[in-house]
Structure formats: structure tokens, C-alpha cells
Amino acid sequence: MKTSPPPDLLRATASQAPIASLASLRQAGRAPALPFALTLPDGGRLEFTRLLRLLPDKRLAGLALCNGEPAFAKLFIGDEAIRHGERERAGLTALLAAGLPTPALRFAGPIGEGGYLVLTEWLDGAAALKEHWSAPIELPPLLSAMRLLGRLHDAGLVQHDPHFGNFLLHQGLLLLIDGDGVRADASAAGQLANLARLLAELEPVWDGQRQQLLQAWGRQVDAKALDAAVIAARQRRLRRYLAKTVRDCSPFAVQKTFRRFTAVLRDEAPGLQPLLASPDAAMAAGQLLKNGNTCTVAAVEAGGRTVVVKRYNLKHWRHALSRLWRPSRAWHSWQTAHRLDFYGIATPRALALVEERRGALRGRAFFIAEHCPGVNLLTLLDPAREPEPAMQQVLRELFALLYRLRITHGDLKATNLLWHAGRIVLIDLDALTEHRSASAFARAWRRDRERLLRNWPADSVLARWLEQVLPGYSPGH
């Protein structure tokens, strides 16, 4: 619920809105024409002027005018619209009955054609809590959310799909929304699982602040049980998120034909369209950065900025044959970049993936990412001295996090670590792996560690400092 235009402008914009059928809204998919109007059961008129959330063939939500007055409208249009609408109404009613802050309910009920409408008050200037966070996230907003979660649990309720988008901040007051996810559950196990799922929404760097968050939540909990539940919930979230990166959904636009597979960030698709249509031509017109047998890299202008295109070549027929059935290295880099982003580990923003195909058989592939202007550590660091204090802290935190998550890079040259905007940015993700096996991770981590240290003379001040601060250091080594 972001700031709306003045009511007079809204009325003028929506006054000529045509009546839409639910069938036409379902057929419109992701692009319903705005504004559109619906006739309410009492003969009133509802006019949608702006969509804030859309699930094709299931649900639309956004700013609407109900008989001329602004309201937040959630319109269920799918096969199970009545069931989901009733659940939304029941959840909001439960929040209101428990005295929990939530927008006032103005209308909830079927509207014909199998649809269901829920109207709540429009809170001008309100936005999801995560939209108010600075970068990095600050602690006070999180503490407020944890206190409100504690009140929800005190009322014997849980959020089926808890996330920080369900906490709405308006004029300094935090409110709960999404009644569809509210369930009755007063059990300690249910509330612990609910807590764990919300904590799993945070990047792992926040695990060290958990005690403060639990104090705000207001309950005692078994630390080991909670830690295990958070790890499990985070892994479930990661699997779901990575699955989204290669299917058509709100954040990703995916197209699959007999000869091609393309995945692109939906908000980047328009600017990248010429590049995606002909990546070879774009690379030929760009600046060549690397021209190897298996990989060609070029800096290309696209959408008014520089992006890096990495083409994975096929050396000969045997190489091509070996790659036919396996996900391409571009596919791996695409998912790995989103894995790192999920964990809050800096890497250039992954923009698109293209695979040339013949049915299920894969050929050449392209990985497209933002260009990072940072300086690599081989150029930046002086072997004769330790890093500056700010970089020391960032290096310690990064490698401690990688070690805790069992992530290895696979080619940890100093040129694959860039210093930019106060962060270490990882690039060249072809071999990056998150390990399930502790023994496999230990072997791979040792190789990563040794590869990084080989960038500088073993007896240099810098190498000795890194040897001591990198996880896995053994004084007797």
C-alpha cells in the first residue's frame, strides 16, 4: 500500500473505467487493462486503479475506489476463489477479534462468476516493513516485528506463510495483513515452527542477533531446536526460490521453445530484449574481456548500462556430446548467483540466462550479469602489509559465513574477489558449490584456502595474516 495520488485524480482516472468480467481478468494473465470496474452485489461500483500484486488466474490486489472512496481490494478469481476469500475474511476477523493491529475490514463476500472480494481500508503512505528497511537492515524494525509476532502467538494464532511483507508500517504503527495465512494454533511446536519460518526470512548474517530478536518475541525456546528449525526452513525457502528462477512467475520471465530456453528478471526484460534476441551480435559489438576455448566474456551496453555476457562454448563434438544432457555452466552460474543473493553474499546481479537447445538437448549457453566496477584483491592488496581494518572485518565475516554455510568457490583466485562499495564481491561462479557432505566440504574448502593463499608469497605479511584468519587454520599446519 504505497502512497496514492490525490483522491480527485483517482476519481477522474477511474470515472470512465469499463466493467470487466472475471473471465476477462483471468484471460488477461499478467496484463489486465487498467482501470477496470466491477459491479458489487449491492449495485455499487468498484474501480481498480492500480495493481500492487498479481497472481495470474488467481488473485489481484491493489488500490480501488469503492463508490468513489479509496480502498485496498483483494480480488480472488481462481478456481478456489471462494475458499481463499473466506479464509482471508476469517483471518482478518480473527486478528480484529484478538485486538491485533490490522486494517479495518469494509467488505468481504462473493461477487458473482465464482469470484470473492475483500475490501479493507486504504492506508495512504503505508508500505510493507521490508520496504522501509535501509541497506543493511536495521535492528529496531525487526524488533518491532518480533514483538508483534509475539502478540499474535499470545492470541493463539500463527501466520501460515510468515514473511516481512505481511507487516505493514503506517504512520509509525506496525500492522499485520494477509488474513488468508492466519491460522489458530496455540501449541508450542506450532509457534516455534512459525517463529523459525519468519527468522529464516532473514539473511544468515542475522543469526548472530537472534537472542535480541527472541527477547522481543517474549518467550523462552530451546536454542538447538530453534536453530535446526531455522536451517530447515531456510533450505526449504532456498529450494523454492531457486525453482522460481527457471519458471515463469512474478520475478522471472521464462520462455521455452524447441530451440531455446530463456530466463530473465522480469523487471529487466524490456531493456535486455535486443541483447537476448541476438547475444552473439551484442558480444561482437562489445568489449572482449576473455576469449577462451570453453568460455568467451564480453562487456556489452544494454538498457543504458554495462553488462557482462559470458558465453559457454563447445570445443568439439565430444565436448558438445558431454554437455547435451547436463544443465549448462550458464544454468549453474545463474542459479548460483541467486543462491548467493538469497544468502546476502555479494555477487553481480544475475540478469538473464539463455540456453541454445534441440528439445531437451543443450548446446551453447549465455549468462548475463551486471558489471561490477570493483578492484580485484590481487591489485588492491599489498603483500607487505595487512589489509585496512575495514577490509579485515569484511574478509573475516565473508569467509566465516561461507564456512558456516559450507560454500566453496572452486577457483578462489584473488582476481575473482572484487572490493566494491565496502563489500567483497564474488565473481566467476562456474564451480561454486554448497556442500551437503561435511567431508566433501572440508576437502573443497582446503583447496579454496590454498588457492587464495597462493596469490601472494607464503612468507609475506598478507599471506601470514590470511593464513591465521581464514577458517580452517591449524597452528601446526
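Residues numbered from 1 in each chain as written. Predicted model: local features only at pLDDT ≥ 70, side-chain atom pairs only at ≥ 80, totals over all residues. Heavy atoms only, no water.

## A short note on the overall build of the protein
- Broken down by element type, the protein carries 16 helices and 23 strands.
- Counting only C-alpha atoms, the protein reaches 80 × 55 × 40 Å along its principal axes.
- Within the protein, the fraction of its 477 residues that count as buried is 48%.
- Contacts in the protein between residues at least 24 apart in sequence constitute 62% of all its contacts with a sequence separation of at least 6.
- Accessible surface, the protein as shown: approximately 23,000 Å² in total, 53% of it carbon and sulfur. (Helix = DSSP H or I, 4+ residues; strand = E, 2+ residues; numbered from the N terminus. Buried < 20%, exposed > 50% of the residue type's maximum accessible area, 1.4 Å probe, protein only. Contact = heavy atoms within 4.5 Å. Areas by Shrake-Rupley, 256 points an atom, 1.4 Å probe, with all protein chains shown as cover.)

## Here we look at the layout of surface pockets
- Approximately 630 Å³ is the volume attributed to the second largest pocket.
- Considering the residues around the second largest pocket, the lining is formed by 29 residues, among which Val297, Val308, Lys310, Ile427 and Asp428 are closest to the centre.
- Where the lining of the second largest pocket is concerned, the elements lending two or more residues are β14 (287-291), β15 (295-302), β16 (305-312), α12 (329-343), β18 (361-370) and β19 (375-376). (1 Å grid on protein atoms, 1.4 Å probe; cavity = no way out; pocket = protein on both sides within 12 Å on 5 of 7 lines; lining within 4 Å. Points joined across faces, edges and corners; volume = space filled by probe spheres on them.)

## Some remarks on α12
- Relative to the 21 Å expected for 15 residues at 1.5 Å per residue, α12 spans 21 Å between its end C-alpha atoms, a close match to the ideal helical length.
- Within α12, eleven of the 15 residues are buried, leaving the element largely enclosed by the surrounding structure.
- Count one or two residues on from α12 and you reach glycine 344, which has phi positive near 80 degrees. (Expected span 1.5 Å × (residues − 1).)

## Observations concerning the packing of helix α14 (residues 389-405) against helix α15 (residues 438-453)
- For the pair α14 and α15, interaxial distance at closest approach is 11 Å and the crossing angle is 160 degrees. The orientation of α14 with respect to α15, classified from their angle, is roughly antiparallel. Two packed elements cross with a definite hand, and for α14 against α15 that hand is right-handed. Taken together, the residues of α15 that come into contact with α14 (itself represented by Phe399, Leu402 and Tyr403) are Phe441, Trp445 and Leu452.
- Of the residues belonging to the contact of α14 with α15, the class tally is six nonpolar, no polar and no charged. (Axes fitted to C-alpha atoms, helices over the stretch in contact; angles between N-to-C directions. Parallel < 35°, antiparallel > 145°, perpendicular 65-115°, else oblique. Left-handed = near helix turned anticlockwise from the far one by under 90°. Nonpolar A, V, L, I, M, F, W, Y, C, P; charged D, E, K, R; others polar.)

## With respect to the packing of helix α6 (residues 188-199) against helix α7 (residues 210-217)
- Viewed as axis vectors pointing N to C, α6 and α7 meet at an angle of 130 degrees, and their least axial separation amounts to 13 Å. Considering the angle they form, α6 stands oblique to α7. Crossing hand, α6 versus α7: right-handed. For the pair formed by α6 and α7, the contact residues are Gln191, Leu195 and Leu199 on the first element and Arg210, Leu213, Leu214 and Trp217 on the second.
- Looking at side-chain class alone, the contact of α6 with α7 contains five nonpolar, one polar and one charged residues.

## Section: the nonpolar core
- Counting 72 residues, the largest nonpolar core has Leu275, Ile345 and Phe399 as the members making the most contacts within it.
- At eight residues, the largest contribution of residues to this core is made by α14.
- In this structure, phenylalanine 399 is in contact with Leu412, Leu417, Trp445, Leu452, Leu470 and Pro471, ignoring residues within four places of it in sequence.
- Core analysis: the second largest hydrophobic core is formed by 38 residues, Phe76, Ala145, Leu157 and Leu213 among them. (Core = buried A, V, L, I, M, F, W, Y, C linked by side-chain atoms within 4.5 Å.)

## Some remarks on helix α16 (residues 461-469)
- Within α16, the full set of buried residues consists of Leu462, Ala463, Trp465, Leu466 and Glu467.
- Along its buried surface, α16 packs onto α14 and α15.

## A closer look at the pattern of salt bridges
- Here the structure, examined in full by the defined rule, presents 31 salt bridges.
- Between glutamate 88 and lysine 74 there is a salt bridge whose closest N-O contact spans 3.3 Å. Remark: lysine 74 occurs in strand β4 (residues 69-76) and glutamate 88 occurs in helix α3 (residues 81-97); sequence separation between them is 14 residues. Considered together, glutamate 88 and lysine 74 belong to a single accessibility category, that of buried residues.
- A salt bridge links aspartate 411 to lysine 413, with the nearest nitrogen and oxygen atoms 3.7 Å apart.
- Look at the salt bridges and you will find they share partners, linking Asp207, Arg210, Asp227, Arg234 and Arg404 into a network. (Salt bridge = Lys/Arg side-chain N within 4 Å of Asp/Glu carboxyl O.)

## Observations concerning the packing of aromatic side chains
- Counted by the stated rule, this structure contains eleven aromatic pairs.
- Between the aromatic rings of tyrosine 241 and phenylalanine 252, the centroid separation amounts to 6.2 Å while the plane-to-plane angle is 55 degrees, which identifies the pairing as tilted. Of this pair, tyrosine 241 sits in helix α8 (residues 223-244) while phenylalanine 252 sits in strand β12 (residues 252-256), placing them eleven residues apart in sequence.
- In this structure phenylalanine 252 comes out as buried when scored by relative accessible area, which is 1%.
- With centroids separated by 6.5 Å and ring planes inclined at 75 degrees, the aromatic side chains of phenylalanine 399 and tryptophan 445 adopt a geometry described as edge-to-face. (Phe/Tyr/Trp six-rings, centres within 6.5 Å; stacked < 30°, edge-to-face > 60°.)

## So, unusual backbone geometry
- Each neighbour pair has its own omega, and for leucine 34 with proline 35 the value is -5 degrees, a cis peptide bond.
- Within the secondary structure, proline 35 sits in the loop between α2 (22-28) and β1 (36-39).
- For aspartate 57, which is not a glycine, the phi torsion comes out positive at approximately 65 degrees.
- The phi angle at aspartate 428 is positive, at roughly 60 degrees, despite the residue not being glycine.

## What to know about a positive patch on the surface
- Taken together, the side chains of Arg53, Lys58, Lys130, Arg236, Arg239, Arg240, Lys244, Arg247 and Arg436 make up a positively charged region of the molecular surface.
- No other element matches the four residues that α8 contributes to the positive patch.
- Summarising the element assignment, lysine 130 is placed in helix α4 (residues 129-132).
- Lysine 130 gets classed as partly exposed once you look at its relative accessible area, which sits at 48%. (Patch = residues over 30% accessible without salt bridge, like charges linked within 9 Å, V, L, I, M, F, W, Y side chains within 5 Å. Lys, Arg positive; Asp, Glu negative; His and termini not counted. Charge placed at Lys NZ, Arg CZ, Asp CG, Glu CD.)

## Concerning the side chain of asparagine 416
- Inspection of the secondary structure assignment puts asparagine 416 in the loop between β20 (407-408) and β21 (417-420).
- According to the relative accessible area criterion, asparagine 416 is buried, its value standing at 5%.
- When residues no more than four places from it in sequence are discounted, the contact partners of asparagine 416 are His409, Asp411, Val425, Leu426, Ile427 and Asp428.

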